[in-house]
Amino acid sequence: MNIELRQLRYFVTVAEEMHFGRAAIRLHMTQPPLSQAIQSLEAMLGVQLFRRTSRSVALTPAGIALLPEAQRILQQTAALPDLMRRAASGTSGRLSLAFVSTADYSVLPPFLREFREAYPGVEIDLREATTDVQLDDLMQGRIDVGLLIPPIPDKAKLQLDYLPVLSEPLILAAPKGLKALRGKQSVALQALAELPLIIFPRRIAPAFHDAILACYRDAGLTPHIGQEAIQMQTIIGLVSAGMGIALVPQSVSNLKRPGVDYKPLANKTPLVETGLAWRRDNASPVLNAFLELLRKK
């Protein structure tokens, strides 16, 4: 079966006019070829679409069923050129974006808000994922862009581009009411040396993990790692439960949780960077629009 759009257009016009002569005038053609085209469509479908008499034309049950579907197909076809233009310009389509949990409290919300305002026709597929999972998904083409914590492995650098978007210091997240924190604007790690440390596993975020251990090393301390967790919400939840302390990016203080105090560290701390990574060969106009918007910030 090879139904042509022309045949559907002829059918819809006759159905709307309920008169072959008037339909032919609307279609700028004569009546005989219009009647032949409708008969050809009926033969192709194996059903009669119109009941014809010398005085009237009426839709059969099959014609009534076909009419809304034919109208929908013609409307969608008419919209195709504009849809293709918007897709080519990046103003419509789909963007799959993964993000580390820390970004949810810093750069992700304003990024999404600004992009949605500029490109309301783009569907954004969001998923939270650790840096290692994002790198694998990027390499396999399962996501368009990842908001992650560098570094990017040398092998991945051959296929991925990277744009830094945020650098921030580490701060302390501690159970509320600790004696060492009372009246302090900032706190030294030495005052908390005996408390267990809650931290990301190194395999999940090696740079983040190493930055935290560097803080302890520079303070002349060896941390006692009490718990490991891969989600920032879990880490802060464990702190709230009194299971230990954590060193977290400054923006995580936006995650308000009962029983948690956030304090700047008196010790010098390294900066933790967050950035965007994407496949160099990804020619998606939507991805390009997203990156261009962020580069202008």
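Just so it is clear, the model here is predicted, and its values are computed rather than measured.

Visitor: Please give an account of the pattern of salt bridges that cites residues and values.
Guide: Counted according to the given criterion, the structure contains 16 salt bridges. Between Lys 157 and Asp 154 there is a salt bridge whose closest N-O contact spans 3.8 Å. Here Asp 154 and Lys 157 lie together in helix α7 (residues 154-157), a separation of three residues that amounts to about one turn. Residue Lys 157 is classed as partly exposed on the basis of its relative accessible area, which comes to 46%. Residue classification places Asp 154 among the exposed positions, given a relative accessible area of 60%. Each of Glu 16, Glu 17, Arg 22 and Arg 26 takes part in salt bridges that share partners, so that together they form one network.

Visitor: Please give an account of the packing of helix α1 (residues 5-17) against helix α3 (residues 31-45) that cites residues and values.
Guide: In the contact formed by α1 and α3, the axes pass within 9 Å of each other and the chain directions differ by 110 degrees. In terms of their interaxial angle, α1 and α3 are classed as roughly perpendicular. Packed against α1, whose contacting residues are Arg 6, Gln 7, Tyr 10, Phe 11 and Val 14, the element α3 presents Leu 34, Ala 37, Ile 38, Ser 40, Leu 41 and Met 44 at the interface. Class assignment for the residues of the contact of α1 with α3 results in eight nonpolar, two polar and one charged.

Visitor: Explain α3 to me, and be specific about the residues and the numbers.
Guide: With 15 residues, α3 ought to run about 21 Å at 1.5 Å a step, and its terminal C-alpha atoms sit 21 Å apart, in line with that. Among all positions of α3, only Leu 34, Ser 35, Ala 37, Ile 38, Leu 41 and Glu 42 are buried. Seen from one end, α3 has its buried residues packed into an arc of 160 degrees, which puts them on one side. Structural note: α3 exposes Pro 32, Gln 36 and Ala 43 on the side pointing more than 90 degrees away from its buried face. Where α3 is buried, its residues contact α1, α2 (20-26) and β1 (50-52). Where α3 ends, the next residue or the one after it, Gly 46, has phi of about 75 degrees, a positive value.

Visitor: Give a description of the environment of Ser 106 that names residues and reports values.
Guide: Counting through the fold element by element, Ser 106 comes out in the loop between β3 (93-99) and α5 (108-118). Relative accessible area serves as the criterion here: at 18%, Ser 106 is assigned to the buried category. C-alpha separation for the pair Ser 106 and Ile 73, spaced 33 residues apart in sequence, amounts to 44 Å. With residues up to four places along the chain from it excluded, the contact list for Ser 106 reads Leu 166 and Ser 251. Looking at Ser 106, its side chain comes within polar contact range of the main-chain oxygen of Thr 102, at 3.5 Å.

Visitor: Kindly report on the UniProt feature "domain: HTH lysR-type" (unreviewed entry) in the chain, identifying the contributing residues and their values.
Guide: UniProt tags residues 3-60 as "domain: HTH lysR-type" (unreviewed entry). Helix makes up 60% of residues 3-60 and strand 10%. Its end C-alpha atoms lie 19 Å apart.

Visitor: Can you explain the packing of aromatic side chains? Please cite residues and give values.
Guide: Tallied over the entire structure, the rule returns five aromatic pairs. Seen in terms of ring centroids, Phe 11 and Phe 50 are 5.5 Å apart; in terms of plane orientation they differ by 50 degrees. Their pairing is tilted. Of this pair, Phe 11 sits in helix α1 while Phe 50 sits in strand β1; the two residues are 39 residues apart in sequence, bridging distant segments of the chain. Summarising the burial analysis for this pair, Phe 11 and Phe 50 share the class buried. Joined through ring pairs, the aromatic side chains of Phe 11, Phe 20 and Phe 50 make up one cluster.

Cut-offs applied
Residues numbered from 1 in each chain as written. Predicted model: local features only at pLDDT ≥ 70, side-chain atom pairs only at ≥ 80, totals over all residues. Heavy atoms only, no water. Salt bridge = Lys/Arg side-chain N within 4 Å of Asp/Glu carboxyl O. Helix = DSSP H or I, 4+ residues; strand = E, 2+ residues; numbered from the N terminus. Buried < 20%, exposed > 50% of the residue type's maximum accessible area, 1.4 Å probe, protein only. Axes fitted to C-alpha atoms, helices over the stretch in contact; angles between N-to-C directions. Parallel < 35°, antiparallel > 145°, perpendicular 65-115°, else oblique. Contact = heavy atoms within 4.5 Å. Nonpolar A, V, L, I, M, F, W, Y, C, P; charged D, E, K, R; others polar. Expected span 1.5 Å × (residues − 1). Arc of directions from axis to C-beta. Polar contact = N/O pair within 3.5 Å; in protein donor to acceptor, adjacent residues only side chain to side chain. UniProt positions renumbered as here; feature names shortened; annotations may be inferred. Phe/Tyr/Trp six-rings, centres within 6.5 Å; stacked < 30°, edge-to-face > 60°.

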